[in-house]
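These are the residues of each chain, in order.
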Amino acid sequence: MPLLSDKMFEKQTHGLPNLKYSVYEGIFATILLSSAVSFIVPFAVYLGANALEVGFISAFPALLAAWAQLLSMWLIKKFNSKKWLIIGLVIIQSALFIPIALTPFIFQTNQVVWLIIFYTLSLIFGSLATPPWNSWMKEIIPSEIIGSFFGFRNSIIGGVSLIFFLIFGFSLKLFEIELAFIFLGIFLIASLSRFISAILFIKITENKCDIFFEKEQNFLEFAKELRNSNFGLFVLYGSLMSFAISLTGPFVSFHLLNNIGLKNDYIMYTLIISSTLVATLISMPYWGKLIDKYGMIKILKASSFLVALFPLLYIAVRTPEGLIFVQFIDGLIFAGFNLALANFVYNVSSQQKIIKYVSYQAVFFGTGTFLGASISGFIQSININFWFLTNAFFVMCLISFILRYIFYKTLINKVSEVKQVEQIASRQIVFSVITFTPVFEAISETFMPFENGLKQIEMSFGERVKLFGKFIDSSAKKLDHGFSETYTELKRFEKKEEKIISGNIKRKFNKKRK
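Reading the values: the criteria
Residues numbered from 1 in each chain as written. Predicted model: local features only at pLDDT ≥ 70, side-chain atom pairs only at ≥ 80, totals over all residues. Heavy atoms only, no water. Axes fitted to C-alpha atoms, helices over the stretch in contact; angles between N-to-C directions. Helix = DSSP H or I, 4+ residues; strand = E, 2+ residues; numbered from the N terminus. Parallel < 35°, antiparallel > 145°, perpendicular 65-115°, else oblique. Left-handed = near helix turned anticlockwise from the far one by under 90°. Contact = heavy atoms within 4.5 Å. Nonpolar A, V, L, I, M, F, W, Y, C, P; charged D, E, K, R; others polar. Patch = residues over 30% accessible without salt bridge, like charges linked within 9 Å, V, L, I, M, F, W, Y side chains within 5 Å. Areas by Shrake-Rupley, 256 points an atom, 1.4 Å probe, with all protein chains shown as cover. Salt bridge = Lys/Arg side-chain N within 4 Å of Asp/Glu carboxyl O. Phe/Tyr/Trp six-rings, centres within 6.5 Å; stacked < 30°, edge-to-face > 60°. Buried < 20%, exposed > 50% of the residue type's maximum accessible area, 1.4 Å probe, protein only. Lys NZ or Arg CZ within 6 Å of the ring centre and 35° of its normal.

Looking now at the packing of helix H11 (residues 230-245) against helix H18 (residues 392-411). Interhelical geometry of H11 versus H18 gives an angle of 170 degrees and a closest axis separation of 8 Å. By the angle between their axes, H11 is roughly antiparallel relative to H18. Judged by the sense of rotation from one axis to the other, the crossing of H11 with H18 is left-handed. Seen from H11, the contacting residues are Leu-236, Tyr-237, Leu-240, Met-241, Phe-243, Ala-244 and Ile-245; seen from H18, they are Ser-400, Leu-403, Arg-404, Phe-407, Tyr-408 and Leu-411. Residues of the contact of H11 with H18, tallied by class, amount to 11 nonpolar, one polar and one charged.

Together, Trp-84, Ile-91, Phe-195, Ile-199 and Ile-202 make up an exposed nonpolar region whose accessible area comes to about 420 Å². Among the secondary structure elements, those contributing two or more residues to the nonpolar patch are helix H5 (82-106) and helix H9 (179-200). With respect to the element layout, Ile-202 can be found in the loop between H9 and helix H10 (219-224).

Glancing now at the pattern of salt bridges. For the coordinates displayed, the defined rule picks out four salt bridges. Its salt-bridge partner being Glu-139, residue Lys-82 comes within 2.4 Å of it at the nearest N-O pair. Of this pair, Lys-82 sits in helix H5 while Glu-139 sits in helix H7 (residues 130-140); the two residues are 57 residues apart in sequence, bridging distant segments of the chain. Among the charged side chains, a salt-bridge network with shared partners connects Glu-25, Arg-153 and Arg-194.

Let's shift gears to the packing of aromatic side chains. Taken as a whole and judged by the stated rule, the model has 37 aromatic pairs. Considering the side-chain rings of Trp-114 and Phe-118, the 6.1 Å spacing of their centres and the 25 degrees angle between planes classify their relative orientation as stacked. Separated by four residues within a single helix, Trp-114 and Phe-118 lie in helix H6 (residues 111-128), roughly one turn from each other. Phe-118 sits in the buried class, given a relative accessible area of 15%. Measuring from centroid to centroid gives 5.9 Å for Tyr-286 and Trp-287, while their planes differ by 70 degrees, and the two rings are edge-to-face. Relative accessible area serves as the criterion here: at 1%, Tyr-286 is assigned to the buried category. A relative accessible area of 1% means that Trp-287 is categorised as buried. A network of ring pairs unites the aromatic residues Trp-67, Phe-219, Phe-222, Phe-231, Phe-234, Phe-344, Tyr-357, Tyr-360, Phe-364 and Phe-365 as a single cluster. When the ring centre of Phe-394 is taken as origin, the NZ or CZ atom of Arg-318, which lies over that ring, is 4.1 Å away.

This is the structure:
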């Protein structure tokens, strides 16, 4: 992410107060989300959870939370205000992290079960706020900057997430106290930060108007017609990919802690996971600009190809040091994939349809995630393995790769872009990622603001290397020039000091002679 200044913040939010407060709210919200996503599995493992229970805690709460979103339309009609509905739901979600934090202290038995119960409730209340939040964002964000704004917003909150992830992760290793007290601190901080994010929603204005829903296609009708509409095909593709991804995704932490042996090395665990956050942080603005220029579906196609191949890296790389690089690649790829997958609904739906579409999409994606994680958790609990796939996680990586690639080849080309965008070949985007263009652009945006990083996607690898070499050469010259100036100033200072000392000595000598 480029170094942030007030001027850049004003530019990215277009001077709109609503967008500014949306970023501020996201900063506090992400502290809870980063702790929940990144540390709920280590917390469950600490409480004694096995692979099947890890799969369950990764899948079952998400399933119920997804289906709960179907209640959002009813709740909005009852409250007649998206703003105050969201604030109420978020406050309840923040409160539910208090019993999560206290689980080891107030429950002597079935601690994993109680953790699952409270975590599920927290996700349900947070999930109920998602459709009205999406509708609210569609009101306040100009349609032509949706991709770049969310890319910018996600990079900012990603930076905060990284900072707190590192603090939380290192605290598990560095403090010489019982881990239960450290987890207590992590989840209480998460609860407080989510409460603050609820308060910040008050600053965002809401258009006061009657909330109206188009009377067409209930959930069952939408499900039956899934293959007959563009958005239906998109949802089908997203849910199948969610299924294939969740065969491995929820178990990466379990794999690192148990298979790689990092249960007693939370510092290395933190470094590995944080490399994903770093890559996501620096690449989000890049993906956001590409989405605005080339469209959601083009980015989804290009990133999906890389997402399909990604599980093979887990099979090939089995050292903690190598997994830092693997997780960095994970962040680069999934930043674009998730951004396109989450925001296509803004382009395809009207203001009246978006709450319904977000709810339907969440149900299918959540169900896919639940089925994938549940099946994978069961298979890994019986510890199946063969040949070079020395544990069940590697077996699931191979299966996940096969399914991801099948879904990519058979479905993605059936989904169409819905707005006018510039054309580019998917292979150019793929090539830009594997040659680390998002990283180069982050450097360019930070140190060479005159360079338009977006143009780099059309460069060949050789041209990109030349540009990077030009940057290094330019930086070296500036550095050398800086050293020369510093050396010259030091010499001037030395001469000045010599003159002062010489003058003092002469004055003292003259006084003695007198």
